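Observations on chain architecture
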Amino acid sequence: MRALRALRPRRLLAMAAAAAAAGAGSAARRGPVLTPESMNPIRRVEYAVRGPIVIRAMEIEQELRKGVPKPFTEVIKANIGDAHAMGQQPITFLRQVTALCVCPELMKDESVPSDAKERARRLLEACGGGSVGSYSASPGVPMVRESVARYIERRDGGVPAKADDIFLSTGASDAIVNMLKLLVCGSGASRTGVLIPIPQYPLYSAALAELEAAQVNYYLAEERCWALDVAELRRALSEGRRRCNPRALCVINPGNPTGQVQSRECMEQVIKFAYEEKLFLLADEVYQDNIYAQGSAFHSFKKVLMELGPPYSDSVELASFHSTSKGFMGECGLRGGYMEVVNLHPEVKAELIKLVSVRLCPPVPGQMILDAIVDPPKPGEPSYERFQAEREAVLSALAEKARLTEEIFNRTPGIHCNPVQGAMYSFPRIDLPPRAVAAAKEKKQSPDMFFCMRLLEETGICVVPGSGFGQKEGTYHFRMTILPPTEKLKILLEKLSSFYTKFVQEFS
């Protein structure tokens, strides 16, 4: 008996070990819950601006740091509209207000102007506990929403704006996706369709793919400086209605990636079209400060809609978007922006408030800098002259770079660049020889991706192939930002043009 009792603990230990081994085997056989087959179908989502070519650019930067020999010394990332990364200096007043809000101890610094301090004090009083570390109301800090409404009224020549119609956001992208979420419903032939411009900013195609909505393409007229043609809208709508239920029309003005500025006459036609076809209008206006071409002017869709009067002004639903990331500010990383809604059903607005509350609130520092942007220093205030000088320096430099880009590209046979009327990009068309198209096909790449990848590997210049934005069949483009400093931009343009000539000779 004593021997049996001595054996019992050993038997129990052996049984426990066997059970553990069996459990481990079971776990190994179980496999992961999340697999490429079982995951949400976001694999359909493509975002060219940060796609394969940008991933390769970052790998090349690592290789350069490790001393891997290359025919260049740096990667020039001309793929994205990131002004400060390209060397643009922050606007002093905007940063002073934000810094004071984040670190109120700086109020003691006598070198900081009194108007920046006063603004920061008022903003902090509007924050919970007097701190930007607290949550704000989900649609944004009420004081900032009021500032945005006043800004819109000034911009639109006195057309009224209400703070209750303003929703602050994490950049414009967050607001755009939220509005698309409200719009998308149905399945099969009844699923929501959204008309988007081609070329387009890939946020739209990516968001529509994620939401399983139907993308309905309308093509901008490249031969007429990327003009928007209502006849083309009608063609696209007719095609879309055969496979889905188009409910919204998106317009990007000024254009991204195309850089065009729509005329007021065109905008009136678009609004009337949206009214006739019962479409919700989405106006992406984040480049509204970036107007360069003589004779071009920015008109907001809100202003044009209201000035058209009834029946348009009191029935066409509109959501317009703006951001701190573009314009003269370039504050991409602080993630500030807003959406204004017009003629939105009260119950839908209540649902929108519920939807934005799921994410608690936009970044509060982003809201602080947005307030400084929409309510800048006034004449006679200490920061006014410096603010105006810095703002004008940025915008005049961009206008010169827009002119330079068009001029240098159009010197090169085979590169066709429309005037960069606004925004921050050129979108030139390139002629590619049949042998280059065939070589791209062998690599299972689009021809413009093949060109852009070769450009990156041989010159260090990173641009985005036009196929990532959409383009007419048989045409090839790339998008390039005009943000690098002027002297570096000249070198970039000359290098790119020389590479193109060599590339064409190689494949001719």
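Residues numbered from 1 in each chain as written. Predicted model: local features only at pLDDT ≥ 70, side-chain atom pairs only at ≥ 80, totals over all residues. Heavy atoms only, no water.

The next point concerns the overall build of the protein. Within the protein one finds 16 helices and 14 strands. In terms of overall dimensions, the protein has C-alpha extents of about 105 × 65 × 55 Å along its principal axes. Put simply, of all contacts in the protein between residues at least 6 apart along the chain, 71% involve residues at least 24 apart. When the accessible area of the protein is evaluated, it comes to approximately 23,100 Å², of which 55% is carbon and sulfur surface. Computed over 63 positive and 58 negative side-chain charges, the inter-centroid distance for the protein is 10 Å. (Helix = DSSP H or I, 4+ residues; strand = E, 2+ residues; numbered from the N terminus. Contact = heavy atoms within 4.5 Å. Areas by Shrake-Rupley, 256 points an atom, 1.4 Å probe, with all protein chains shown as cover. Lys, Arg positive; Asp, Glu negative; His and termini not counted. Charge placed at Lys NZ, Arg CZ, Asp CG, Glu CD.)

This part is about the nonpolar core. L94, M179, L282, F321, M339 and M368 are the most contacted members of the largest nonpolar core, which has 80 residues in total. Other than its neighbours up to four places away in sequence, M368 contacts V97, C101, L123, C127, V132, V141 and V144. Counting residues in hydrophobic clusters, the runner-up holds 39 residues, among them I60, I415, M480 and F499. (Core = buried A, V, L, I, M, F, W, Y, C linked by side-chain atoms within 4.5 Å. Buried < 20%, exposed > 50% of the residue type's maximum accessible area, 1.4 Å probe, protein only.)

You can see D174 is positioned in helix α6 (residues 171–183). Beyond its immediate chain neighbours, meaning those up to four positions away, D174 contacts S169 and R359.

To continue, consider the pattern of salt bridges. Applying the stated criterion across every chain, the model contains 37 salt bridges. Between R224 and D229 there is a salt bridge, with its nearest N and O atoms 3.4 Å apart. With relative accessibility at 44%, the residue R224 sits in the partly exposed group. Look at D229 and you get partly exposed, because its relative accessible area is 30%. A salt bridge links R403 to E407; its shortest N-O distance comes to 2.5 Å. (Salt bridge = Lys/Arg side-chain N within 4 Å of Asp/Glu carboxyl O.)

The predicted model of the protein has a mean per-residue pLDDT of 89, with 92% of residues at 70 or higher. Across the protein, the secondary-structure element scoring lowest on mean pLDDT is helix α1 (residues 2–30), at 53, and the one scoring highest is helix α10 (residues 301–308), at 97. Here residues 1–7 is a poorly scored stretch, pLDDT under 50, and it has zero contacts once near neighbours within four places are set aside; other chains count. (pLDDT = per-residue confidence, 0-100.)

Under the defined criterion, the tally for this structure stands at 15 aromatic pairs. An angle of 85° between the planes, with centres 6.4 Å apart, marks the rings of F93 and F387 as edge-to-face. Taken together, the residues span a long stretch of sequence, with F93 in helix α3 (residues 92–102) and F387 in helix α13 (residues 384–411) at a distance of 294 residues. The exposure class assigned to F93 is buried, which follows from its relative accessible area of 3%. Judged by centre distance (6.1 Å) and plane angle (70°), the rings of F451 and Y500 are edge-to-face. Residue F451 is found in helix α15 (residues 447–459), and its partner Y500 is found in helix α16 (residues 486–507); the two are separated by 49 residues along the sequence. Accessibility expressed as a relative area gives 0% for F451, which makes it buried. Following the ring pairs from residue to residue traces out a cluster consisting of F409, F450, F451, F478, F499, Y500, F503 and F507. (Phe/Tyr/Trp six-rings, centres within 6.5 Å; stacked < 30°, edge-to-face > 60°.)

Glancing now at unusual backbone geometry. A cis amide bond links N253 to the next residue, P254, at an omega of -5°. Residue placement: P254 occurs in the loop between β5 (245–252) and α9 (264–276). That bond from N256 to P257 is cis: its omega, 20°, falls within 30 degrees of zero. One can find P257 in the loop between β5 and α9. Despite not being glycine, R335 has its phi angle at roughly 55°, a positive value. For R335, a relative accessible area of 28% translates into the label partly exposed. With a phi close to 65°, A423 is a non-glycine residue in the positive phi region. As for its position among the elements, A423 is in the loop between β9 (415–416) and β10 (425–426).

Backbone-to-backbone hydrogen bonds pair the strands of a sheet. The strands run either parallel or antiparallel. Strand order across the open sheet formed by three strands is β10-β14-β13, with antiparallel pairing between neighbours. Each edge of the sheet is formed by a strand with only one pairing partner; in this case those strands are β10 and β13 (464–465). Pairing of β10 with strand β14 (residues 478–481) involves two bridges; the strand directions are antiparallel. Residue S426 lies in a different strand from β14, and its bridge partner there is M480. (Pairing = 2+ DSSP bridges.)

On to the side chain of Q262, then. Relative to the elements of secondary structure, Q262 occurs in the loop between β5 and α9. In this view, Q262 contacts W226, A227, L228, N253, M267 and A297; residues no more than four positions away in its chain are not counted.

Here we take up α6. Among the 13 residues in α6, ten count as buried, and that is most of the element. Among all positions of α6, only G171, A172, D174, A175, I176, V177, N178, M179, L180 and L183 are buried.

Bringing the sheet that holds strand β3 (residues 192–198) into the picture now. Reading across the sheet, the seven strands line up as β2-β8-β7-β6-β5-β3-β4 and stay open at both edges, with mixed pairing between neighbours. Each of the sheet's edge strands pairs with one partner strand only, and the pair in question is β2 (166–169) and β4 (214–219). On average, each strand axis in the sheet is inclined to that of its neighbour by 25°, with strand direction left out of account. In terms of strand pairing, strand β6 (residues 280–284) meets strand β7 (residues 318–323) through four bridges, oriented parallel. Counted as the bridge partner of L281 is L318 from β7. Its contacts with the sheet put helix α8 (residues 230–240) on β3, β4 and β5, and the angle it makes with β4 is roughly 155°. (Axes fitted to C-alpha atoms, helices over the stretch in contact; angles between N-to-C directions.)

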